[in-house]
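Letter by letter, the chains look like this.
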Protein chains: 2
Amino acid sequence: MYYLGIDLGGTKIAAGLVDEKGQMVSKDTIPAGKERQYSEIVKDMAGLALRVMDSYGVGTDDIRCLGIGSPGTVNNEKGVLIYANNFPHFNDVPLRQEMQKHIDLQVELGNDANCAALAESICGAARDAEHSVTITLGTGIGGGVVIGGRVYSGFNGSASELGHMVIMHEGDECTCGRRGCWEAHASATALIRQTVHAAKKNPSSVINTITGGDLRKITAKTSFDAAREGDETGRKIVNKYIEYLSEGIINIINIFAPEVVVIGGGISREGENLLSPLRKLVQKGVYFKSEPATQIKAAQMGNDAGIIGAAMLGRNTAG
Amino acid sequence: MYYLGIDLGGTKIAAGLVDEKGQMVSKDTIPAGKERQYSEIVKDMAGLALRVMDSYGVGTDDIRCLGIGSPGTVNNEKGVLIYANNFPHFNDVPLRQEMQKHIDLQVELGNDANCAALAESICGAARDAEHSVTITLGTGIGGGVVIGGRVYSGFNGSASELGHMVIMHEGDECTCGRRGCWEAHASATALIRQTVHAAKKNPSSVINTITGGDLRKITAKTSFDAAREGDETGRKIVNKYIEYLSEGIINIINIFAPEVVVIGGGISREGENLLSPLRKLVQKGVYFKSEPATQIKAAQMGNDAGIIGAAMLGRNTAG
């Protein structure tokens, strides 16, 4: 048996056919066309799914279920997409029902951060864990929580907004309206802002050499690169950033005590440059200091995590 | 069938016989004698449990299981009490095995905050909820999480330390070694400290009239009393305290999206004086602003929550 996963992105929609082990065997994409009515988009999603099946020579009888991962908030119990970032016509859409007009399969819904977490849990960095938390450091901080092998999304589908956990009362402004959210201090966006600020204050920093003085060229990697070249400003930015990151990770461990916390997103490619100092801060800060302790690992699933996680949404529930 | 619950407290140990509906039908207590070896304490606990059964005329055949609630950290899977505040000889104690030397029953372990949460979930303020979070505002902030009707305690028993979630990076010192934990700003202890500080700075405040100028008489109720008398200092303390409290509650809702957050501990007796302004801040701050929203309620179970919750620990697992 196979599973179908659809990853609803702002630019493109990707569908993949995934086997029992979580390996993707076939994949295709179409442009999102996000401004269109939802009925048109869903029709195209169904067409894409059927094409992916066709290209691998399987039919709906070979598929256990179809999962859809979306940015924003879904209520899987009701089969409703409540809100999807970037899709103006995707508000309170009966996505399951709409999809089943075109394709006769069980349909499961999840948000994209939860799908990434499920993929890591089933065949990635947390594959042996019963409980795991996956965070993605990007524009914001995405959070996905897997409890007992299943995505936890709360009673209304809105759980695991880990980026919107305040770690600094009256701290930096967040897009959500609060101040001091974790993502306002520890997302890639926040790190870039912190780097720009420090580069302005320290004209002699290597950062300004790397970027040729053009602050717009600063990325989430710049301060790490500067630190690697021995730059004191770069080192300070990185250390402070890892401190902010650790506050949220320690909170998550004190709250969930998962076997594994998985860290994804571009910054996680720094690998041990990021994880080694982070683990030291976490070990010092966590409430429970006995063994066994939560492990912190880099994400392993890469760009296909969204499709694979979406496909696997129904693995424990599909009949 | 009945359930037996034992609440291990620093001063006394209480045992109760609880029916299927969570009603306590018989109860007794003994002094804790917490300095003694664990084997002696456990023997007394078993004797107390047998006495409670005897007094109601039931035997072990009438009991589905025995639950023990303890301060600190337990690993129920292994049957081990890892650490219990105030009990110097309760470190890594095989509590299930030790108890079963004296009494032939299934034994389940839980920490006291989790037991309180389970009691509220089964027959208290969260009785219709599938997912609920109970916090207890006292010396610290105790947290208990019930997911799908069962206590969630993580892979090593150390989860739901909600009081040790940092809400203020570099904030006030916490007993756990970090700075800015929620309980360092929003426990009863924190409120008393905030009140003492404000009373010193504002000699003309009603607080100093209420306490006759003796700062040692300040309790968690004093600032609320002063505010009720129209005192500006009292009002400011209460407002700021509720703001700190809301930071943690909003985080919890963004993380767990539970049907209900239950607030217990002495301060919760302020009722709507506390809950009404708190709900306004929470409504404004939560990430998910659609319906259905998480409800915030005062705890209903009172002093027996610990015994009843302990008794109910095995309700979903007992054979």
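Counting of residues starts from 1 at the beginning of each chain's written sequence and follows it residue by residue. Think of it this way: whatever chain is written first is A, whatever ligand is written first is 1, and the rest follow in order. Given that the model is predicted, a residue must reach a pLDDT of at least 70 before its local features are reported, and side-chain atom pairs must reach 80 or more before they are shown or counted; all residues, however, enter totals for whole chains, interfaces and linings. Calculation of side-chain values draws on the structure's entire complement of heavy atoms; hydrogens and water are dropped beforehand.

Asks: Residue-level account of the interface of chain A and chain B, with values.
Replies: Contacts are assigned to residue pairs that have any heavy atoms within 4.5 Å of one another. Contact residues are listed per partner, giving 44 residues for chain A and 44 residues for chain B. Two parts placed together each lose some accessible area under a 1.4 Å probe, and adding up what both lose gives the buried area. Carbon and sulfur atoms supply 59% of the area buried between chain A and chain B, which totals about 4100 Å² over both sides. Put simply, a salt bridge is a Lys or Arg side-chain nitrogen that is within 4 Å of an Asp or Glu carboxyl oxygen. Joining chain A to chain B, the criterion identifies 4 salt bridges. Polar contact is defined as a pair of N or O atoms within 3.5 Å, subject to the rule that within protein one atom must be able to donate a hydrogen and the other to accept it, and that residues adjacent in sequence are counted only when both atoms are side-chain atoms. Linking chain A with chain B are 32 residue pairs in polar contact (both at pLDDT 80 or more), by the criterion used here. The numbering of helices and of strands both runs from the N terminus, where a helix is a DSSP run of H or I of at least 4 residues and a strand a run of E of at least 2. Among the elements that line the side of chain A that touches chain B, the one with the most residues is helix α8 (residues 232–256) of chain A, at 10 residues. Under this grouping Gly is polar, as are all residues other than the nonpolar Ala, Val, Leu, Ile, Met, Phe, Trp, Tyr, Cys and Pro and the charged Asp, Glu, Lys and Arg. Split into classes, the residues belonging to the side of chain A that touches chain B amount to 21 nonpolar, 15 polar and 8 charged.

Asks: Run through α8 of chain A, naming residues and quoting values.
Replies: Residue and element names in this part refer to chain A. Given a rise of 1.5 Å per residue, 25 residues ought to cover 36 Å, and the 36 Å separating the end C-alpha atoms of α8 matches this to within 8%. Most of α8 is tucked away, with 19 of its 25 residues classed as buried. Note on α8: the residue one or two positions beyond its end, Ala 257, has a positive phi of about 40°. A helix is expected to span 1.5 Å multiplied by its residue count minus one. Only protein chains enter the area calculation, which uses a 1.4 Å probe; residues under 20% of their type maximum are buried, those over 50% are exposed, and those in between are partly exposed.

Asks: Can you tell me about the packing of α8 of chain A against helix α9 (residues 272–285) of chain A, naming the residues and giving the values?
Replies: Residue and element names in this part refer to chain A. The geometry of α8 relative to α9 is characterised by a closest axis approach of 9 Å and an angle of 50° between their N-to-C directions. One way to sum up the angle between α8 and α9 is to call them oblique. The two elements α8 and α9 cross, and the hand of that crossing is right-handed. Contacts between α8 and α9 involve Tyr 241, Ile 242, Glu 243, Leu 245, Ser 246, Ile 249, Ile 250 and Ile 253 from the first element and Asn 273, Leu 274, Pro 277, Leu 278, Leu 281, Val 282 and Gly 285 from the second. For the contact of α8 with α9, a count of residues per class yields 11 nonpolar, 3 polar and 1 charged. The axes are straight lines fitted to the C-alpha atoms, using for helices just the contacting stretch, and the angles between their N-to-C directions are given from 0 to 180°. Orientation categories follow fixed angle ranges, with anything under 35 degrees roughly parallel, anything over 145 roughly antiparallel, 65 to 115 roughly perpendicular, and all other angles oblique. When the near helix sits turned anticlockwise from the far one by under a right angle, the crossing is termed left-handed; a clockwise turn instead gives a right-handed crossing.

Asks: Give me the lowdown on the sheet that holds strand β5 (residues 73–75) of chain A, citing residues and values where you can.
Replies: Residues and elements named next belong to chain A. Sheet architecture is open: 3 strands sit in the order β5-β6-β7, paired in antiparallel fashion. With one partner strand each, in any of the chains shown, β5 and β7 (91–93) form the two edges of the open sheet. Within this sheet the neighbouring strands show an average axis-to-axis angle of 15°, counted without direction. Only strands that DSSP links by at least two bridges are regarded as paired with each other. Note: strand β6 (residues 80–83) against β7, 2 bridges, orientation antiparallel. Bridged to Leu 81 within β7 is Val 93.

Asks: Give me the pairing of strand β9 (residues 132–137) of chain A: which residues, what numbers.
Replies: Residues and elements named next belong to chain A. Most of β9 is tucked away, with 5 of its 6 residues classed as buried. Sheet analysis places β9 next to strand β10 (residues 141–147), joined by 6 bridges and oriented antiparallel. Residue Val 133 lies in a different strand from β10, and its bridge partner there is Val 145. Where β9 lies against strand β12 (residues 260–264), 5 bridges are found, and the strand directions are parallel.

Asks: Tell me about the packing of aromatic side chains, residues and numbers included.
Replies: Pairing of aromatic rings covers Phe, Tyr and Trp, the last through its six-membered ring, and needs centres within 6.5 Å; plane angles under 30 degrees mean stacked, over 60 mean edge-to-face, and all others mean tilted. Evaluated as defined, the whole model comprises 9 aromatic pairs over all chains. Arranged with centres 5.7 Å apart and planes meeting at 70°, the rings of Tyr 2 of chain A and Tyr 56 of chain A form a pair that is edge-to-face. Here Tyr 2 of chain A is found in strand β1 (residues 2–8), whereas its partner Tyr 56 of chain A is found in helix α1 (residues 38–56), with 54 residues between them in sequence. Residue classification places Tyr 56 of chain A among the partly exposed positions, given a relative accessible area of 37%. Relative to Phe 256 of chain B, the ring of Phe 256 of chain A has its centre 5.1 Å away and its plane inclined at 45°; by these criteria the two rings are tilted. Within this pair, whereas Phe 256 of chain A is found in helix α8, its partner Phe 256 of chain B is found in helix α8 (residues 232–256), the two belonging to separate chains. For Phe 256 of chain A, a relative accessible area of 1% translates into the label buried. Put simply, the rings of Tyr 152 and Phe 256 of chain A together with Tyr 152 and Phe 256 of chain B touch in pairs and so form one group of aromatic residues.

Asks: Account for the relation of the copies chain A and chain B, with residues named and values stated.
Replies: Mapping chain A onto chain B calls for a rotation angle of 180° and an axial translation of 0.0 Å; the resulting RMSD is 0.0 Å. One copy is carried onto the other by what is essentially a two-fold rotation axis. The overlap is high: 100% of the interface residues of chain A also sit at the interface in chain B, so the same surface is used on both sides. Copy-to-copy alignment: least squares on C-alpha atoms, limited to residues at pLDDT 70 or above in both.

Asks: Could you give an account of the pairing of strand β12 (residues 260–264) of chain B, naming the residues involved and the relevant values?
Replies: Residue and element names in this part refer to chain B. Along β12, 5 of the 5 residues are buried, which leaves the element largely enclosed by surrounding structure. Of the two faces of β12, the one carrying Val 260, Val 262 and Gly 264 and the one carrying Val 261 and Ile 263 are both buried. Seen with the strands pointing away from the viewer, any crossover whose path from the first strand over the helix to the second strand runs clockwise is right-handed. Handedness of the crossover joining β12 and strand β13 (residues 295–298) through helix α9 (residues 272–285): right-handed.

Asks: Any details on unusual backbone geometry? Residues and values, ideally.
Replies: Trans peptide bonds make up the majority, and among non-glycine residues the majority have a negative phi. Residues and elements named next belong to chain A. Following Glu 291, the chain continues to Pro 292 via a peptide bond in cis, the omega torsion being -10°. Within the secondary structure, Pro 292 sits in the loop between α9 and β13 (295–298). One non-glycine residue, Asp 92, lies in the positive phi region at around 50°. Assignment of secondary structure puts Asp 92 in strand β7.

Asks: Report on the pattern of salt bridges, specifying residues and quantitative values.
Replies: Under the definition given, this model contains 30 salt bridges over all chains. Between Arg 179 of chain A and Glu 173 of chain A there is a salt bridge, and its shortest N-O distance comes to 3.7 Å. According to the relative accessible area criterion, Glu 173 of chain A is exposed, its value standing at 62%. Put simply, Glu 243 of chain B and Lys 240 of chain B hold a salt bridge, and the shortest N to O gap is 3.4 Å.

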